[in-house]
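Notes for the structure review
What follows is the residue order along each chain.
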Amino acid sequence: MVQAYILIQTEVGRAAQAAAAIAEIAGVASSEEVSGPYDVIVRVSVDDAHDLTATVVPSIQGVVGITRTLTCPVVTDVRAV
């Protein structure tokens, strides 16, 4: 299992619509509109890194209004420690 956070910047006024559209993408565990330097934070949970890089990230980047993404893979799951 591969998990990641994706930090997203959107065009002005597009964060809520982008978060809602992203929430419908397979592999997305949560998608929330936030304030600060990023407009949306997404948590992804997929079977492997290929699913993350070849399927989920491109699907998110294709959502209308997104201007930039930053993918942060989770390196340690503290529940497993």
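The text that follows walks through the structure, step by step, so that each part is easy to find. (Residues numbered from 1 in each chain as written. Predicted model: local features only at pLDDT ≥ 70, side-chain atom pairs only at ≥ 80, totals over all residues. Heavy atoms only, no water.)

1. Quick word on the pairing of strand 1 (residues 2-10)
Applied cut-off: The pairing criterion for strands is at least two bridges between them, as found by DSSP. For the purposes of this entry, the term helix denotes a DSSP run of H or I that reaches at least four residues, the term strand denotes a run of E that reaches at least two, and both are numbered from the N terminus.
Pairing of strand 1 with strand 3 (residues 40-46) involves seven bridges; the strand directions are antiparallel. Its bridge partner lying in strand 3, Q3 is registered against S45. In terms of strand pairing, strand 1 meets strand 4 (residues 66-73) through seven bridges, oriented antiparallel. When the bridges of strand 4 are listed, Q9 appears paired with R68.

2. Section: the pattern of salt bridges
So the rule is basically this: Throughout this description, the term salt bridge denotes a Lys or Arg side-chain nitrogen within 4 Å of a carboxyl oxygen of Asp or Glu. For each residue, the accessible area found with a 1.4 Å probe, counting protein chains only, is set against the maximum for its type, and the residue is called buried under 20%, exposed over 50%, and partly exposed in between.
Scanning the model with the defined rule gives one salt bridge in all. Between E11 and R14 there is a salt bridge whose closest N-O contact spans 3.5 Å. Taking the relative accessible area as the measure of exposure, R14 reaches 32% and is therefore partly exposed.

3. As for the sheet that holds strand 3
For clarity, the cut-off: Lines are fitted to the C-alpha atoms to define the axes, a helix being fitted only along its stretch in contact, and any angle between axes, read from their N-to-C directions, falls within 0 to 180 degrees. Throughout, a contact is declared for two residues whenever any of their heavy atoms are within 4.5 Å.
Within the open sheet, the four strands sit side by side as 2-3-1-4. Their pairing is antiparallel. Looking along the sheet, the strands with just one partner apiece sit at the ends: strand 2 (28-33) and strand 4. Between one strand and the next, the sheet's axes are offset by a mean angle of 15°, whatever the strand orientation. Both strand 2 and strand 3 contribute to a ladder of five bridges, which runs antiparallel. Along strand 3, the bridge assignment pairs S31 with V42. On the sheet, helix 1 (residues 15-23) packs against strand 1, strand 2, strand 3 and strand 4 and is oriented at approximately 170° with respect to strand 2. Strand contacts of helix 2 (residues 49-61): strand 1, strand 2, strand 3 and strand 4, with the helix running at about 145° to strand 3, the strand carrying the most contacts.

4. Observations concerning helix 2
Basically, it comes down to this: Each residue after the first adds 1.5 Å to the expected span of a helix. We call two N or O atoms a polar contact when they sit within 3.5 Å, provided that within protein one can donate a hydrogen and the other can accept it, with sequence-adjacent residues counted only if both atoms are side-chain atoms.
Given a rise of 1.5 Å per residue, 13 residues ought to cover 18 Å, and the 17 Å separating the end C-alpha atoms of helix 2 matches this to within 8%. Buried-residue contacts for helix 2 involve strand 1, helix 1, strand 2, strand 3 and strand 4. Measuring from the side-chain oxygen of the N-cap residue of helix 2 to the backbone nitrogen of H50 gives 3.1 Å; that N-cap residue is D48.

5. Focus on the nonpolar core
This is how the line gets drawn: Remark: nonpolar core denotes a set of buried residues (Ala, Val, Leu, Ile, Met, Phe, Trp, Tyr, Cys) joined through side-chain atoms within 4.5 Å.
One finds I8, I22, V42, V44 and I60 to be the most contacted residues of the largest nonpolar core, which totals 19 residues. At the level of secondary structure, the elements contributing two or more residues to this core comprise strand 1, helix 1, strand 3 and helix 2. Setting aside its immediate chain neighbours within four residues, I22 contacts I8, V28, S31, V40, V42, I60, V63 and I66.

6. Some points on helix 1
Convention followed: An arc is given here, and it is the one of the directions from the helix axis to the C-beta atoms.
Among the residues making up helix 1, those that are buried are A15, A18, A19 and I22. End-on, the buried residues of helix 1 take up no more than an arc of 100°, which puts them together on one face. Turning to helix 1, the residues buried within the fold contact strand 1, strand 2, strand 3, helix 2 and strand 4.

These values are about where atoms sit, not about what they do.
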